[in-house]
Amino acid sequence: MLLEGKTGIIFGVANKRSIAWAIAQALSREGMRLAFTYQGERLKEGVESLSSTLPNSILLPCDVTVDAEVDAVFKSVDEQLGRLDTLVHSVAFAPKEDLENEFVKTSRDGFKLAHDISAYSLVGLSRAAMPLLEKSGGGSIVALTYHGAVKAVEGYNLMGVAKASLEASVRYLAANLGPKNIRVNAISAGPVNTLAARGIKGFTGMLHHHAERAPLRRNVELEEIGNAALFLCSNMSSAITGEIMYVDCGYNIIGV
Ligand code: NAP
């Protein structure tokens, strides 16, 4: 198994359709022991019923906007798992009205919140994970992004700007943490029907458009994103850092 004896922490499982859950299944399949976080009591039961199906996993509360919760999570990981090799960041949020409004009407508060949860959290979580990853001799951090970071996508609006910040953070973190043998990459996934995706106006149309235009003439499957993350978390990708890896059936390469 590729990840025997390794441990990881996964932020962003909301339900069985979450990208984070597909990634967790792929990492667990290859022997990784996992910690899961959930945001608030509302989601605890659902995440617990999923995480309990994977051997020796642990479950911890964490709202990524609260520094004390972030610190407590990594303290518990140190105590309960004893080491850390991987961090998966699969978290994003923007207020619905800011996604639906014309982009020019984006509110200051919505802008701040979207960047805090969707981009700054990668920096904060990486900092908190750093001592544990270093103790393990290095590690791999993987975030999730979307093509709306580099192209204007109708309906993606504020989230596209937050994803641009996330992608730049991936590069700066990779440059910063590389000397500690900590790699930082992102997967730019094609559209998948999840809870977060339903907040995007016209999402179903987006799914059809991608499937028609992508070279592979279909949308990406959750399992394929999980397998791409497995590659980035394993030694198979040991010389890859600071990259935005598209897992989108080739959609992004198409011009006219
Ligand atoms: P999802 O299942 O709804 O996952 C999003 C997660 O973010 C949820 O678990 C959500 O928890 C969590 N979250 C939001 N605010 C948080 C906070 N303050 N603290 C901690 N967690 C918080 O949707 P998903 O599509 O799998 O999204 C995962 C990642 O993939 C996101 O970064 C998304 O932008 C990215 N992505 C998605 C697609 C797509 O088409 N679905 C494509 C490319 C990239 P709550 O439910 O409690 O808010």
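Above this text sits the structure in question.
Now for a description of the structure that goes with this document.

Parameters at a glance
- Residues numbered from 1 in each chain as written.
- Predicted model: local features only at pLDDT ≥ 70, side-chain atom pairs only at ≥ 80, totals over all residues.
- Heavy atoms only, no water.
- Near = heavy atom within 4 Å.
- Polar contact = N/O pair within 3.5 Å; in protein donor to acceptor, adjacent residues only side chain to side chain.
- Areas by Shrake-Rupley, 256 points an atom, 1.4 Å probe, with all protein chains shown as cover.
- Helix = DSSP H or I, 4+ residues; strand = E, 2+ residues; numbered from the N terminus.
- Nonpolar A, V, L, I, M, F, W, Y, C, P; charged D, E, K, R; others polar.
- Contact = heavy atoms within 4.5 Å.
- Pairing = 2+ DSSP bridges.
- Axes fitted to C-alpha atoms, helices over the stretch in contact; angles between N-to-C directions.
- Phe/Tyr/Trp six-rings, centres within 6.5 Å; stacked < 30°, edge-to-face > 60°.
- Buried < 20%, exposed > 50% of the residue type's maximum accessible area, 1.4 Å probe, protein only.
- Salt bridge = Lys/Arg side-chain N within 4 Å of Asp/Glu carboxyl O.
- Disulfide = S-S within 2.5 Å.
- Arc of directions from axis to C-beta.

Taken together, 28 residues lie near the ligand, and Ser18, Gln39, Lys163, Val192 and Thr194 sit nearest. Between the ligand and the protein, one listed contact pairs an oxygen atom with a backbone N or O atom of Gly12 at 3.1 Å. Thr194 has a polar side-chain atom sitting 2.5 Å from an oxygen atom of the ligand. Computed on the free molecule, the ligand has an accessible area of 880 Å², of which 91% lies beneath the protein chains in the complex. Those elements that provide at least two residues to the shell around the ligand are α2 (41-51) and β5 (139-145). Of the residues that constitute the shell around the ligand, the class distribution is 18 nonpolar, seven polar and three charged.

With that settled, consider the side chain of Thr86. Secondary-structure assignment places Thr86 in strand β4 (residues 86-89). Beyond its immediate sequence surroundings of up to four residues, Thr86 is in contact with Thr7, Gly8, Ile9, Leu27, Met32, Leu133, Ser140 and Cys233.

A few words on the sheet that holds strand β2 (residues 33-38). Read from one edge to the other, the open sheet built from seven strands follows the order β3-β2-β1-β4-β5-β6-β7, with strand pairing classed as parallel. The open sheet terminates on both sides in strands that have one partner only, identified here as β3 (58-61) and β7 (244-247). When the angles between neighbouring strand axes are averaged without regard to direction, this sheet yields 20 degrees. With four bridges joining them, β2 and β3 adopt parallel strand pairing. Across the sheet, residue Phe36 finds its bridge partner in β3, namely Leu59. Contacting β1 (7-11), β2, β3 and β4, helix α3 (residues 67-81) crosses the sheet at an angle of about 160 degrees to β3. Relative to strand β6 (residues 182-189), helix α8 (residues 222-233) is tilted by about 165 degrees, and along the sheet it contacts β4, β5, β6 and β7.

Inspection of the entire model under this criterion finds three aromatic pairs. Summarising the aromatic geometry, the rings of Tyr146 and Tyr156 are spaced 4.8 Å apart at their centres and angled 65 degrees between planes, so their arrangement reads as edge-to-face. On the criterion of sequence distance, the pair formed by Tyr146 in the loop between β5 and α6 (157-177) and Tyr156 in the loop between β5 and α6 is long-range, its members being ten residues apart. Tyr156 shares its class with Tyr146; the two are buried.

The next thing to look at is the pattern of salt bridges. If you walk through the whole model with that rule in mind, you get seven salt bridges. The residue Asp78 makes a salt bridge to Lys135 at a minimum N-O spacing of 2.9 Å. Here Asp78, found in helix α3, pairs with Lys135, found in helix α5 (residues 108-135); they are 57 residues apart in sequence, far enough to count as distant. Its relative accessible area of 31% is what places Asp78 among the partly exposed residues. The class for Lys135 is exposed, based on a relative accessible area of 56%. A salt bridge links Arg83 to Asp85; the nearest nitrogen and oxygen atoms lie 2.6 Å apart.

Moving on, we come to unusual backbone geometry. Although it is not a glycine, Asn157 sits at a positive phi angle of roughly 40 degrees. Tracing the backbone shows Asn157 in helix α6. Taking the relative accessible area as the measure of exposure, Asn157 reaches 19% and is therefore buried. Positive phi values are uncommon outside glycine, yet Asn181 reaches one of about 60 degrees. Looking at where Asn181 falls in the secondary structure, it is placed in the loop between α6 and β6. Take Asn181: its relative accessible area is 46%, and that puts it in the partly exposed class.

For the structure on display, the rule yields zero disulfides. Of the cysteine sulfurs around Cys62, a residue in no disulfide, the closest is that of Cys233, at 18 Å. Cys233 sits in the buried class, given a relative accessible area of 8%.

Further remarks concern α2. Every buried residue of α2 is listed here: Leu43, Val47, Leu50 and Ser51. Down the axis of α2, the buried set is contained in an arc of 85 degrees. They therefore lie on one face. Counted as exposed and oriented over 90 degrees from the buried face of α2: Glu41 and Glu45. Contacts made by the buried residues of α2 are with α1 (19-29), β2 and β3.

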